[in-house]
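Here is how the chains run, residue by residue.
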Amino acid sequence: MTDEVVILAAGQGSRMRSRLPKVLHHLAGKPMLAHVTESDNKEFIIGTETGILYPMSKANPDKLLIPADPNMTCEDMKKIGLRDILKSLENMEPEVKVPEEIRIKAKNAVDRMLAIPRK
């Protein structure tokens, strides 16, 4: 078994000259989160916002996920709380409009993530 490092990045892909958020990009031909789920390796260094570690650990309880930097926090991701989500669902707002081309790509990415088997 070899050592494996999975680097996940969040945010806009502007420096990558892409209109997609980085989390929607594939890494070596598949969605980034699939690398942990599908790998036989048991230890991974995760180099992105530490909030991803909890859901990743729930989906992969047999794997050790080590944050590259335990202080790596995206303040923008922390701005939305449960009250904001509740208000949005109750009022069905704000409405977010995206071009159809991006909607299709985003839906395909979400469908691929949902297709990853849960343990």
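Residues numbered from 1 in each chain as written. Predicted model: local features only at pLDDT ≥ 70, side-chain atom pairs only at ≥ 80, totals over all residues. Heavy atoms only, no water.

(A) Broad picture of the pairing of strand S3 (residues 43-46). Burial along S3 is one-sided: the residues Phe-44 and Ile-46 are buried and none of Glu-43 and Ile-45 is. By the bridge criterion, 4 bridges tie S3 to strand S4 (residues 64-67) in an arrangement that is parallel. Among the inter-strand pairings, Ile-45 is bridged to a residue of S4, identified as Ile-66. (Buried < 20%, exposed > 50% of the residue type's maximum accessible area, 1.4 Å probe, protein only. Helix = DSSP H or I, 4+ residues; strand = E, 2+ residues; numbered from the N terminus. Pairing = 2+ DSSP bridges.)

(B) Spatial organisation of a nonpolar patch on the surface. Where nonpolar side chains cluster on the molecular surface, the patch consists of Ile-80, Leu-82, Ile-85 and Leu-89 and spans about 460 Å² of accessible area. With respect to the helices, strands and loops of the structure, Ile-80 is situated in the loop between S4 and helix H3 (82-91). Overall, the relative accessible area of 59% leaves Ile-80 in the exposed class. (Patch = residues over 30% accessible without salt bridge, like charges linked within 9 Å, V, L, I, M, F, W, Y side chains within 5 Å. Areas by Shrake-Rupley, 256 points an atom, 1.4 Å probe, with all protein chains shown as cover. Salt bridge = Lys/Arg side-chain N within 4 Å of Asp/Glu carboxyl O.)

(C) Focus on the pattern of salt bridges. In this structure the tally under the stated criterion is 4 salt bridges. One salt bridge in this structure joins Asp-111 and Lys-107, with 2.8 Å as the shortest N-O distance. With a gap of 4 residues between them, Asp-111 and Lys-107 both fall in helix H4 (residues 100-114), about one helical turn apart. Take Asp-111: its relative accessible area is 35%, and that puts it in the partly exposed class.

(D) Here's a closer look at unusual backbone geometry. Cis geometry marks the peptide bond from Glu-93 to Pro-94; its omega dihedral reads 0 degrees. One non-glycine residue, Met-92, lies in positive phi territory at about 50 degrees. Tracing the backbone shows Met-92 in the loop between H3 and H4.

(E) Quick peek at the environment of Val-36. Topologically, Val-36 is positioned in helix H1 (residues 32-38). When its relative accessible area of 0% is taken as the criterion, Val-36 is described as buried. The spatial distance from the C-alpha of Val-36 to the C-alpha of Met-56 is 8.2 Å, given a sequence separation of 20 residues.

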